[in-house]
Amino acid sequence: MPFTNMSPTIPPLLLLFFTVIFTLSISAKSWPLSEDNKLQEQDKDPFVGFNIGTDLTSLLTPSSLVKFLQTQKITHIRLYDADPELLKALSKTKIRVIISVPNNQLLAIGSSNTTAASWIGRNVVAYYPETLITAISVGDEVLTTVPSSAPLLLPAIQSLYNALVASNLHTQIKVSTPHAASIMLDTFPPSQAYFNQTWRSVMEPLLQFLSKTGSPLMMNLYPYYVYMQNKGVVPLDNCLFEPLTPAKEMVDPNTLLHYTNVLDAMVDAAYVSMKNLNVTDVVVLVTETGWPSQGDSKEPYATIDNADTYNSNLIKHVFDRTGTPLHPEMTPSVYIYELFNEDKRAPPVSEASWGLFYGNTTPVYLLHVSGSGSFLANDTTNKTYCVAMDGVDVKTLQAALDWACGPGRANCSEIQPGESCYQPNNVKGHASFAFNSYYQKEGRASGSCDFKGVAMITTTDPSHGSCIFPGSKKVGNKTQTVVNSTEVAAGETSSRSLSRGFCVSIIILVTYVLLPFW
């Protein structure tokens, strides 16, 4: 049939068809990213992670630790080794982990490419990508704690990097080394900071390596120690991220930049120190920062209140994404030191008191990070419970249960026979309900979850089945709708999935309608 004899109605229909297809293809750009792309996008955002030490009397099993991390919505951790069982337990969890080469392994790795390749094979290739290893920290504060190993530091880093290149993992996994703040001198004002010239022969090539490989400068920065060494000069509020009047803000006389907290000043000092060595494209990653909750007589500012204030404000500061005065466009990610109190560490007392939790996962103190999305279930302003501790003898537990339901006037009606919390019918189960009932009745007040040492505070909702503990957000077997960042994101995903399905349906429908005309 000659083209000129075709029905005049077909071109408009074809035009309609291709218009719809074009519109849908444009819309598809707003559809959700693939899982891999989502993970890459998340890595670009500032985050708060946690260091996990192992100097504890009672350390969680790897599987229990991973479950705890997931409960607390913790997505980034740093280990001081490369524990194989934990790396295996982290598989397919989306928890990102920095693994470490201990200082005592630097000699072997720094002097042998074969040893470095073997280390990468055992500790990285064997687990990645199922376990999301994001970086390797080589040694820890080597220049200031084991200066004799300084000549081995860069060779070790380069050997490990070369092994990653051989496994084609060098773009996914970064290699760096954490430094103490003391490698910088004259850190305030930040504009005058510079690296200790003693280490220039190490720092200069190291920074060039970091620049070339897109790796961060890892810094361990502690405003606590700045305050302890400069009492009377640096106000405590500046160290704790507390709101300041303009008169209390620290001003850099050379740049006229105002600093409202010490950590930002320390980070900017690192940027200036790098610039003095002609490096301006390396980001600072704060691999350690925190505040101890207990100290000896010489450490009066190591208190629960100060630790709570510092870490709570730190988390808010990172999630506010305000950057630093020198680099407002870049908010450094931080790893809080640390997740658990390491009770086996040697004195002073503060050394064993940096954790947010005890080894049994009971909070040392209750963070106040409301407004920071779903991160860290230890934000416990409204979600704490009191339960019976494990390992307590039945007689002692029964006595505490009797007191709670008697003189304590806890509501124990739900643990009576036939009621929703009667099962499991044992003293520990009933005591947990009674303890929590009393704790909630007392407004979760300090000291209301003790019962002579047989109870503990938990951030995990102990409700089960139809048994709903006082203070829980659950109703029956279903949880009340609580709008938070996680649930909103889930809703968006569902909506986008529906939109995708709708668009596909439209394509099929248009094709079906137009097909007879072709």
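- By the naming in an unreviewed UniProt entry, the protein goes by glucan endo-1,3-beta-D-glucosidase and is assigned to Eruca vesicaria subsp. sativa.
- Regarding the protein, the UniProt comment filed under Catalytic activity (unreviewed entry) reads as follows: "Hydrolysis of (1->3)-beta-D-glucosidic linkages in (1->3)-beta-D-glucans."
- Within the UniProt record for the protein, the comment given under Subcellular location (unreviewed entry) is "Cell membrane".

Points about the overall build of the protein
For step 1, the next point in the chain: When helices and strands are tallied, the protein shows 16 helices and 17 strands.
For step 2, the next point in the chain: By residue count, 44% of the 518 residues in the protein fall in the buried class.
For step 3, the next point in the chain: Put simply, 69% of the contacts in the protein that link residues at least 6 apart link residues at least 24 apart.
For step 4, the next point in the chain: Counting only carbon and sulfur atoms, one obtains 56% of the accessible surface of the protein, whose full area is about 25,300 Å².

Concerning the packing of aromatic side chains
For step 1, the next point in the chain: Counted according to the given criterion, the structure contains 22 aromatic pairs.
For step 2, the next point in the chain: Ring plane angle 80 degrees and centroid distance 5.5 Å describe the contact between Phe47 and Tyr335, whose orientation is recorded as edge-to-face. Here Phe47 is found in the loop between helix H2 (35-44) and strand S1 (48-52), whereas its partner Tyr335 is found in strand S13 (residues 334-336), with 288 residues between them in sequence. Neither residue differs from the other here; Phe47 and Tyr335 are each classed as buried.
For step 3, the next point in the chain: Note on Tyr337 and Trp354: the rings are 5.8 Å apart at their centroids and 65 degrees apart in plane angle, and the pair reads as edge-to-face.

Remarks on helix H6 (residues 113-125)
For step 1, the next point in the chain: Residues of H6 that are buried include every one of Ala116, Trp119, Ile120, Asn123 and Val124, and no others. Along the axis of H6, the buried residues cluster in a sector spanning 100 degrees; they form a single face.

As for the environment of Tyr358
For step 1, the next point in the chain: With respect to the element layout, Tyr358 can be found in the loop between S13 and strand S14 (385-388).
For step 2, the next point in the chain: Considering only alpha carbons, one finds Tyr358 and Leu339, 19 residues apart in sequence, at a separation of 8.5 Å.
For step 3, the next point in the chain: Among all residues touching Tyr358, those that are not within four sequence positions of it are Phe340, Asn341, Pro363 and Val364.

Observations concerning the state of the cysteines
Among covalent bonds in proteins, the disulfide is the one between the sulfur atoms of two cysteines.
For step 1, the next point in the chain: Taken as a whole and assessed by the stated rule, the structure comprises 3 disulfides.
For step 2, the next point in the chain: Bridging Cys386 to Cys449, the disulfide has an S-S length of 2.1 Å. Taking the torsion about the S-S bond as the criterion, the Cys386 to Cys449 disulfide, at about 85 degrees, is right-handed. Here Cys386, found in strand S14, pairs with Cys449, found in the loop between helix H15 (427-441) and strand S15 (455-458); they are 63 residues apart in sequence, far enough to count as distant. The same class applies to Cys386 and to Cys449, which are both buried.
For step 3, the next point in the chain: Bridging Cys405 to Cys412, the disulfide has an S-S length of 2.0 Å. Since a negative S-S torsion denotes a left-handed disulfide, the Cys405-Cys412 link at about -95 degrees is left-handed.
For step 4, the next point in the chain: Looking at Cys412, the relative accessible area reads 8%, which means it is buried.
For step 5, the next point in the chain: Ordering the disulfide-forming cysteines of the protein by sequence position, one finds them joined as 1-5, 2-3, 4-6.

Description of the nonpolar core
For step 1, the next point in the chain: Within the largest apolar cluster, 101 residues are counted, with the highest numbers of intra-cluster contacts made by Trp119, Val124, Ile136, Val138, Met203 and Leu217.
For step 2, the next point in the chain: Aside from chain neighbours lying at most four places away, what touches Trp119 is Ala82, Ile99, Ser100, Val101, Gln105, Ile109, Val124, Ile136 and Leu160.
For step 3, the next point in the chain: In this structure, Ala388, Leu401, Val427 and Cys449 belong to the second largest nonpolar core, which totals 23 residues.

Some points on the pattern of salt bridges
For step 1, the next point in the chain: Summed over all chains, the structure comprises 9 salt bridges.
For step 2, the next point in the chain: Residue Arg78 is joined to Glu288 by a salt bridge in which the shortest nitrogen-to-oxygen separation is 3.2 Å. Here Arg78 is found in strand S2 (residues 76-79), whereas its partner Glu288 is found in strand S12 (residues 284-289), with 210 residues between them in sequence.
For step 3, the next point in the chain: Here the salt bridges do not stand alone but share partners, grouping Arg78, Asp140 and Glu288 into one network.

A closer look at the packing of helix H8 (residues 150-166) against helix H9 (residues 200-213)
Describing two packed helices takes the angle between their axes plus the distance from one axis to the other.
For step 1, the next point in the chain: Interaxial distance between H8 and H9 falls to 10 Å at its minimum, and their mutual angle equals 15 degrees. When the axes of H8 and H9 are compared, the pair comes out roughly parallel. Where H8 crosses over H9, the handedness of that crossing is left-handed. Here Ala150, Leu154, Ile157, Gln158 and Tyr161 of H8 lie close against H9, whose contacting residues are Val202, Pro205, Leu206, Phe209 and Thr213.
For step 2, the next point in the chain: Residues belonging to the contact of H8 with H9 are distributed by class as follows: 8 nonpolar, 2 polar and no charged.

Quick notes on the side chain of His179
For step 1, the next point in the chain: Looking at where His179 falls in the secondary structure, it is placed in strand S6 (residues 178-180).
For step 2, the next point in the chain: Not counting residues up to four positions away in its chain, the partners in contact with His179 are Glu141, Leu143, Met203, Leu206, Leu217, Met218, Met219 and Asn220.

Digging into the sheet that holds strand S3 (residues 96-101)
For step 1, the next point in the chain: A sheet is described by the order of its strands in space; here 9 strands give the open sequence S5-S4-S3-S2-S1-S13-S12-S9-S6, paired in parallel fashion. Looking along the sheet, the strands with just one partner apiece sit at the ends: strand S5 (174-176) and S6. Going from strand to strand, the sheet's axes swing by 25 degrees on average, the running direction of each strand aside.
For step 2, the next point in the chain: Across 4 bridges, the pairing between strand S9 (residues 217-220) and S12 is parallel. When the sheet's bridge partners are listed, Met218 is paired in S12 with Leu285.

Some words on the pairing of S9
In regular strands, side chains alternate between the two faces of the sheet.
For step 1, the next point in the chain: Of the two faces of S9, both are covered, the one formed by Leu217 and Met219 as well as the one formed by Met218 and Asn220.
For step 2, the next point in the chain: Where S6 and S9 come together, 3 bridges link them in parallel fashion. Residue His179 lies in a different strand from S9, and its bridge partner there is Met219.

Overview of the packing of H6 against H8
For step 1, the next point in the chain: Where H6 contacts H8, the two axes come as close as 8 Å, and the packing angle between them is 60 degrees. Regarding the angle of H6 to H8, the classification is oblique. When the axes of H6 and H8 are compared, the crossing they make is right-handed. When H6 is examined against H8, the residues Asn113, Ala116, Ala117, Trp119, Ile120 and Val124 are found in contact with a partner set consisting of Ser159, Leu160, Ala163 and Leu164.
For step 2, the next point in the chain: Within the contact of H6 with H8, the residues separate by chemical class into 8 nonpolar, 2 polar and no charged.

Rules and cut-offs
- Residues numbered from 1 in each chain as written.
- Predicted model: local features only at pLDDT ≥ 70, side-chain atom pairs only at ≥ 80, totals over all residues.
- Heavy atoms only, no water.
- UniProt positions renumbered as here; feature names shortened; annotations may be inferred.
- Helix = DSSP H or I, 4+ residues; strand = E, 2+ residues; numbered from the N terminus.
- Buried < 20%, exposed > 50% of the residue type's maximum accessible area, 1.4 Å probe, protein only.
- Contact = heavy atoms within 4.5 Å.
- Areas by Shrake-Rupley, 256 points an atom, 1.4 Å probe, with all protein chains shown as cover.
- Phe/Tyr/Trp six-rings, centres within 6.5 Å; stacked < 30°, edge-to-face > 60°.
- Arc of directions from axis to C-beta.
- Disulfide = S-S within 2.5 Å.
- Core = buried A, V, L, I, M, F, W, Y, C linked by side-chain atoms within 4.5 Å.
- Salt bridge = Lys/Arg side-chain N within 4 Å of Asp/Glu carboxyl O.
- Axes fitted to C-alpha atoms, helices over the stretch in contact; angles between N-to-C directions.
- Parallel < 35°, antiparallel > 145°, perpendicular 65-115°, else oblique.
- Left-handed = near helix turned anticlockwise from the far one by under 90°.
- Nonpolar A, V, L, I, M, F, W, Y, C, P; charged D, E, K, R; others polar.
- Pairing = 2+ DSSP bridges.

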